[in-house]
Amino acid sequence: MRERSSRFSGDHTVKTRMTTELSNPLALIAELTHRCPLHCVYCSNPLEMQSRANELSTETWSRVFKEAAQAGVLQADFTGGEPLARTDILELVRAARAAGLYVNLITSGLPMDEAKLAALVEAGLDHVQLSFQGAREEIANEISGARSHEQKLRVLEWLKQHRIAVTLNFVIHRRNIDQLEEMLAIAESSNATRVEFANVQYYGWAFANRENLLPTREQLNHSVEILKRAQERLKGKIRIQFVVPDYYAKYPKPCMGGWGRKLLLITPSGDALPCHAAQVIPGLAFENVRDKSLREIWEHSPAFQKFRGEAWMQEPCKTCDRRDQDFGGCRCQALLLAGDAAATDPVCSLAPLRPKVDAILAGMNSAPRAEIFVKPNWLYRPNPS
C-alpha cells in the first residue's frame, strides 16, 4: 500500500444542522458505469439503470477525485456495472492516484487480459477486488447469465505476477452456499490476502429474486461452522470476513457505516448518494457533481442530512442503547419491508415489523426441499445501452 498524504491527518470535523459533529468522508464509491458483461440476479444496481450517454466524462471524474481528496477521502472504489467497460479506465486510475487516493478496482475480471492488467498496475492501481459467483462453472454461469467463471480463474493467475493487493469476493446465497470449501480452495491457491463471503443484500435485483436466493437456516448454520474453522486455520495468512444474511440477524448492520457518515457514492451520471440503493426512497432529491462540489454536497445536501443524527428516529430506535452502533439499520431495507424509510429496520429483533421477516423465513424454511432447490426462473439484470 502506498503512503497517504499527511494532509489527511488532524481534525477536519464540521457541525451539521443537528447537534452531532460531521466527519469527513473516508471513501468514495465511484460507479463509473452501469454497463456490464454480466447479468447477475443479485446485482445492487437500480432496476432503472443509466445509459452510456449519461455517464460522467473523464474530465469530470478527474475533478471529482481532486475534490474528494480535498474533502478528506482516502480511498476510491471503482465499481459499476463493470468499471473495465470504460475505455478511459487507465486515465481514471491515473487521475485518482494523482489526487492522492488509494485506488481499488472492484471487477468481474471481464473484459481483462494480461496487458490490460499490467497497464492498470503501471497506472497506479493499488488493489483489485475480484468477484466470484461461485466455485463451480455451472452455477457461476447460471447466476451471472454469462460464461465468466474460467476467465476469473485466468485473472487470478495473472494477478500473481504483480505486487498488488488482492481481495476475493464470493457472493453467497442458496444456490452456492454449499460450495464454501471449494471457494476457500480457490482463495488459498491465489495471492489474495483477504476474502469476503458476502451474503446477498436484498435490494435492487436481489430483492426481485429474493425467494430463490435466501439460504435455509440449515445451510446458514453449516456455513458459519465452516467459515469459523477456516478463520482459525488461515489466521495470519488470509483474512476471512463474513456476515450472516440480514434476515437471519438479531440486529441490523450499520448500513454503509451509517447514512452519510463515512462514505458517499457517485452514480455514473453524477448523482451523489449516501448508499447504493438510496434512489428507491421517495421524496429525496440527490444533487449532482456536475453542479456542486463534493464538499458542498457532503456537508449541506438535504438527502445526506435526512437520516444523520437521531432526530429522525422512531421508537424503538429513538431510545435504544444500540442506536449509535447500528443507526437504526438500513433505510432502504426499512422502506422495502416496512414501507417507511424512517422505520426501524424490520430485520432487527426489536422492530415492530420483525414478524414480517420471520414469516418470510418460516415460509421458505418450511417449503418442501424439492421446491427450494429446483432451478429458478431468474429475473436477470439487463445491460443498459
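Going by the structure above, here's the rest.
Keep in mind that what you see is a predicted model, and the values were worked out from it rather than measured.

What follows is about the pairing of strand β3 (residues 27-31). The buried fraction of β3 amounts to 5 of the 5 residues, a majority that puts the element mostly inside the structure. Neither face of β3 is open: one carries A27, I29 and E31, the other L28 and A30, and all of them are buried. When β3 meets strand β4 (residues 75-79), the two strands line up parallel, connected through 5 bridges. Residue E31 lies in a different strand from β4, and its bridge partner there is T79. Taken together, β3, helix α1 (residues 58-70) and β4 constitute a β-α-β crossover, and its handedness is right-handed. In this structure, β3 lies alongside strand β10 (residues 263-266), joined through 4 bridges in parallel fashion.

With that out of the way, let us pick up the packing of aromatic side chains. Summed over the entire model, instances satisfying the criterion amount to 8 aromatic pairs. Taking 5.0 Å as the distance between ring centres and 85° as the angle between the ring planes, the aromatic pair formed by W259 and F307 counts as edge-to-face. Of the two residues, W259 sits in the loop between β9 (239-243) and β10 while F307 sits in the loop between α11 (302-305) and α12 (323-326), which places them 48 residues apart along the sequence. Given a relative accessible area of 7%, W259 falls into the buried group. A relative accessible area of 5% places F307 in the buried class. Members of the aromatic cluster, joined through ring pairs, are W61, F65 and F78.

If you walk through the whole model with that rule in mind, you get 3 cavities of 30 Å³ or more. Counted as a void, the largest cavity has a volume near 90 Å³. The residue inventory of the lining of the largest cavity, partitioned by class, reads 10 nonpolar, 2 polar and 2 charged.

Attention now moves to helix α5 (residues 149-159). Among all positions in α5, only H149, Q151, K152, V155, L156, W158 and L159 are buried. Taken together, the buried residues of α5 touch α3 (114-123), β6 (127-132), α4 (137-144), β7 (165-172) and α6 (180-188).

Attention now moves to the packing of α1 against helix α2 (residues 89-98). In contact at an axis separation of 8 Å, α1 and α2 are set at 20° when each is read in the N-to-C sense. Classified by the interaxial angle, the pair formed by α1 and α2 is roughly parallel. Here the hand of the crossing between α1 and α2 comes out right-handed. Contacts between α1 and α2 involve T58, W61, S62 and F65 on the former and, on the latter, E91, L92, A95 and A96. For the contact of α1 with α2, the residue count by class is 5 nonpolar, 2 polar and 1 charged.

Okay, the environment of S144 next. Among the structural elements, S144 can be located in helix α4. For the pair S144 and A27, spaced 117 residues apart in sequence, the C-alpha to C-alpha distance is 27 Å. Dropping the residues within four chain positions of it, S144 is found in contact with L38, H39, C40, Q133 and Y380. There is a polar contact of 3.0 Å between the side chain of S144 and the backbone oxygen of A140.

So, on to the packing of α2 against α3. Close contact between α2 and α3 brings their axes to 9 Å; oriented N to C, the two are set at 20°. Viewed along their axes, α2 and α3 adopt a mutual orientation that is roughly parallel. Like other packed secondary-structure pairs, α2 and α3 cross with a definite hand, here right-handed. Residues I89, L90, V93, R94 and R97 of α2 form the contact with α3, whose participating residues are K116, A119, L120 and A123. By residue class, the composition of the contact of α2 with α3 is 6 nonpolar, no polar and 3 charged.

A few words now on the environment of E55. With respect to the helices and strands, E55 occurs in the loop between β3 and α1. In this structure the C-alpha to C-alpha distance between E55 and P254, which are 199 residues apart in sequence, comes to 30 Å. In contact with E55, not counting residues within four places along its chain, are L32, T33, H34, R35, R86, P268 and R290. One polar contact links E55 to R35, side chain to side chain, over a distance of 3.0 Å.

The residue after G80, namely G81, is reached through a cis peptide bond having omega 15°. Although it is not a glycine, M256 adopts a positive phi angle of roughly 55°. Within the secondary structure, M256 sits in the loop between β9 and β10. Owing to a relative accessible area of 16%, M256 belongs among the buried residues under this scheme. One non-glycine residue, F327, lies in the positive phi region at around 55°. On the secondary structure map, F327 appears in the loop between α12 and α13 (331-338).

The rules we used
- Residues numbered from 1 in each chain as written.
- Predicted model: local features only at pLDDT ≥ 70, side-chain atom pairs only at ≥ 80, totals over all residues.
- Heavy atoms only, no water.
- Buried < 20%, exposed > 50% of the residue type's maximum accessible area, 1.4 Å probe, protein only.
- Helix = DSSP H or I, 4+ residues; strand = E, 2+ residues; numbered from the N terminus.
- Pairing = 2+ DSSP bridges.
- Right-handed = clockwise from strand over helix to strand, strands pointing away.
- Phe/Tyr/Trp six-rings, centres within 6.5 Å; stacked < 30°, edge-to-face > 60°.
- 1 Å grid on protein atoms, 1.4 Å probe; cavity = no way out; pocket = protein on both sides within 12 Å on 5 of 7 lines; lining within 4 Å.
- Points joined across faces, edges and corners; volume = space filled by probe spheres on them.
- Nonpolar A, V, L, I, M, F, W, Y, C, P; charged D, E, K, R; others polar.
- Contact = heavy atoms within 4.5 Å.
- Axes fitted to C-alpha atoms, helices over the stretch in contact; angles between N-to-C directions.
- Parallel < 35°, antiparallel > 145°, perpendicular 65-115°, else oblique.
- Left-handed = near helix turned anticlockwise from the far one by under 90°.
- Polar contact = N/O pair within 3.5 Å; in protein donor to acceptor, adjacent residues only side chain to side chain.

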